[in-house]
Amino acid sequence: MIRFIWLNGFIAIYTIIFCIWAIILGFFDRDGRIIHSYVARPWAKTILWVSGIKVRTQGQENADPRFPRIYMTNHQSYFDIFALLACLPVNFKFILKQELMKIPFLGIAMRRARYIGIDREDPRKAVQSINKAVEKIKSGASVLIFPEGTRSIDGKLQPYKKGGFNLALKSGCDIVPVTICDSYRIVPKGSLRVNKGTFSMHIGKPISVKGYDKATVTQLMDNVREVMLSHLKEDSESRT
């Protein structure tokens with residue numbers, strides 16, 4: 001109980017401090033790269049360390065910072081955010097729910113980092129956000145999206161939404177599948193209890209979108225899903 005209160009209190013206060021730092025740096029950071037390197041990454045690494053959590057990362061050679069790409073990852077825990085920021089060796093922009101941009105301090109910091117909010121309740125605004133993401137990709141920025149749209153309770157892959165895949169088709173950008181395994185055991189969905197432990201992150205090889213269109217987008221979705229399923233299976237077998 002003491003660890004629960006102390007750790008969540010530390011994460012909250014530490015986050016507010018780093019949000020203020022991001023807001024200040026934002027006045028001098030036109031594309032969010034400084035904030036990513038000097039705010040987001042150290043913030044995430046420290047929280048993982050203080051929480052007693054290690055992330056085993058495989059396939060880092062598949063994340064090439066020289067090329068803008070769309071990183072798609074499954075979602076099991078809010079600690080996925082820390083793992084991605086700390087261990088994915090590229091500068092990227094999160095594509096996330098617009099509601100998160102309304103959180104005090106954090107919302108302003110995310111806007112300063114040039115993250116992209118999607119209003120899922122308003123199709124017109126959602127299209128505008130997708131177009132904004134396309135512009136960022138074409139200007140050389142990578143983006144990261146959770147194609148499931150929400151966290152998994154038991155670690156199993158949920159159905160994908162088409163938005164991220166349509167973004168890939170529109171931008172012509174390769175998709176890099178990133179598979180997170182077992183982070184739901186660290187912080188189960190709906191809980192604030194942080195369990196010490198280790199979980200894995202697999203960075204897959206880039207998947208080209210050439211040859212796909214809106215009529216065959218489901219095949220592209222299946223290809224990305226197969227990679228993530230294979231990583232989940234591989235990780236599960238390595239622990240048995």
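Below you will find a few notes about this structure. What you are looking at is a predicted structure, and each value in this text was computed from that prediction instead of being measured.

Rules of the game
- In every chain, residue numbers begin from 1 and rise along the written sequence.
- Two thresholds apply to this predicted model, a pLDDT of at least 70 for residue-level local features and 80 or more for giving and counting side-chain atom pairs, whereas whole-chain, interface and lining totals are computed over all residues.
- Values reported for side chains reflect all heavy atoms of the structure, with hydrogen atoms and water molecules removed beforehand.
- Numbering of helices and strands runs from the N terminus, with a helix taken as a DSSP run of H or I at least four residues long and a strand as a DSSP run of E at least two residues long.
- The rule is simple: take the accessible area with a 1.4 Å probe, protein chains only, and divide by the maximum for that residue type; under 20% is buried, over 50% is exposed, in between is partly exposed.
- Take the number of residues in a helix, subtract one, and multiply by 1.5 Å to get its expected span.
- Note on contacts: a residue pair qualifies if any of its non-hydrogen atoms lie within 4.5 Å across the two residues.
- Helix axes use the C-alpha atoms of the stretch in contact, all axes being lines fitted to C-alpha atoms, and the angles between their N-to-C directions lie in the range 0 to 180 degrees.
- Oblique is the label for every angle not falling under 35 degrees (roughly parallel), over 145 degrees (roughly antiparallel), or within 65 to 115 degrees (roughly perpendicular).
- Each crossing gets its handedness from the near helix: less than a right angle anticlockwise from the far helix is left-handed, clockwise is right-handed.
- Each residue gets one label: Ala, Val, Leu, Ile, Met, Phe, Trp, Tyr, Cys and Pro are nonpolar, Asp, Glu, Lys and Arg are charged, and the others, such as Gly, are polar.
- Paired strands, as defined in this entry, are two strands with at least two bridges between them according to DSSP.
- To count toward a patch, a residue needs a relative accessible area above 30% and no salt bridge. Like charges then connect within 9 Å, nonpolar side chains (Val, Leu, Ile, Met, Phe, Trp, Tyr) within 5 Å.
- Each accessible area value is a Shrake-Rupley result obtained with a 1.4 Å probe; residue values ignore everything except the protein chains displayed when judging cover.
- Think of a salt bridge as a Lys or Arg side-chain nitrogen and an Asp or Glu carboxyl oxygen that are within 4 Å of each other.
- For this count, His and the chain ends are skipped, Lys and Arg are scored as positive, and Asp and Glu as negative.
- For this purpose, a charge sits on NZ of Lys, CZ of Arg, CG of Asp or CD of Glu.

**Side note on unusual backbone geometry**
Then step 1. The backbone of Phe 105 shows a phi angle near 65°, a positive value even though the residue is not glycine.
Then step 2. For Phe 105, the position within the fold is in the loop between strand E3 (92–97) and helix H4 (106–112).
Then step 3. Taking relative accessible area as the criterion, Phe 105 reaches 39% and is therefore assigned partly exposed.
Then step 4. Phi at Arg 114 takes a positive value of approximately 70°, unusual for a residue other than glycine.
Then step 5. In this fold, Arg 114 is placed in the loop between H4 and strand E4 (116–118).
Then step 6. On the basis of relative accessible area, Arg 114 is assigned to the partly exposed category, the value being 23%.

**Here we look at helix H1 (residues 2–25)**
Then step 1. With 24 residues, H1 extends 34 Å between its outermost C-alpha atoms, agreeing within 8% with the 34 Å of an ideal straight helix rising 1.5 Å per residue.
Then step 2. Buried within H1 are the following residues: Leu 7, Asn 8, Ile 11, Tyr 14, Thr 15, Phe 18, Cys 19, Ala 22, Ile 23 and Leu 25.
Then step 3. Looking at the packing, one finds that the buried side of H1 touches helix H2 (33–51), helix H3 (79–87) and H4.

**Re the packing of H2 against H3**
Then step 1. Relative to each other, H2 and H3 sit at 125°, their axes nearing to 8 Å. Taken as axis vectors, H2 and H3 run oblique relative to one another. Note that H2 runs across H3; the crossing there is left-handed. Mapping the contact onto sequence places His 36, Ala 40, Arg 41, Trp 43, Ala 44, Lys 45, Ile 47, Leu 48 and Ser 51 in H2 and Phe 79, Phe 82, Ala 83, Leu 85 and Ala 86 in H3.
Then step 2. Tallied by class, residues from the contact of H2 with H3 come to 10 nonpolar, two polar and two charged.

**Quick word on the packing of helix H5 (residues 123–138) against helix H6 (residues 163–171)**
Then step 1. Two elements in contact, H5 and H6, have axes whose closest approach is 10 Å; the angle formed by their N-to-C orientations is 45°. The orientation of H5 with respect to H6, classified from their angle, is oblique. By crossing handedness, the relation of H5 to H6 is classed as right-handed. For the pair H5 and H6, contact is made by Ile 130, Asn 131, Ala 133, Val 134, Ile 137 and Lys 138 and by Gly 163, Leu 167, Lys 170 and Ser 171, respectively.
Then step 2. For the contact of H5 with H6, the per-class residue count stands at five nonpolar, three polar and two charged.

**A look at the sheet that holds strand E6 (residues 175–181)**
Then step 1. Within the open sheet, the seven strands sit side by side as E1-E7-E6-E2-E5-E3-E4. Their pairing is mixed. Every interior strand has two partners, whereas the edge strands, strand E1 (53–58) and E4, have only one. Strand-to-strand twist of the sheet, defined as the mean angle between neighbouring strand axes without regard to direction, takes the value 25°.
Then step 2. In this sheet, strand E5 (residues 142–145) lies alongside E3 in parallel orientation, the contact comprising three bridges. Bridge pairing links Phe 94 to Leu 144 in E5.

**Considerations on a positive patch on the surface**
Then step 1. There is a patch of like positive charges on the surface, built from Lys 97, Arg 120, Lys 161 and Lys 189.
Then step 2. Within the secondary structure, Lys 97 sits in strand E3.
Then step 3. Lys 97 gets classed as partly exposed once you look at its relative accessible area, which sits at 31%.

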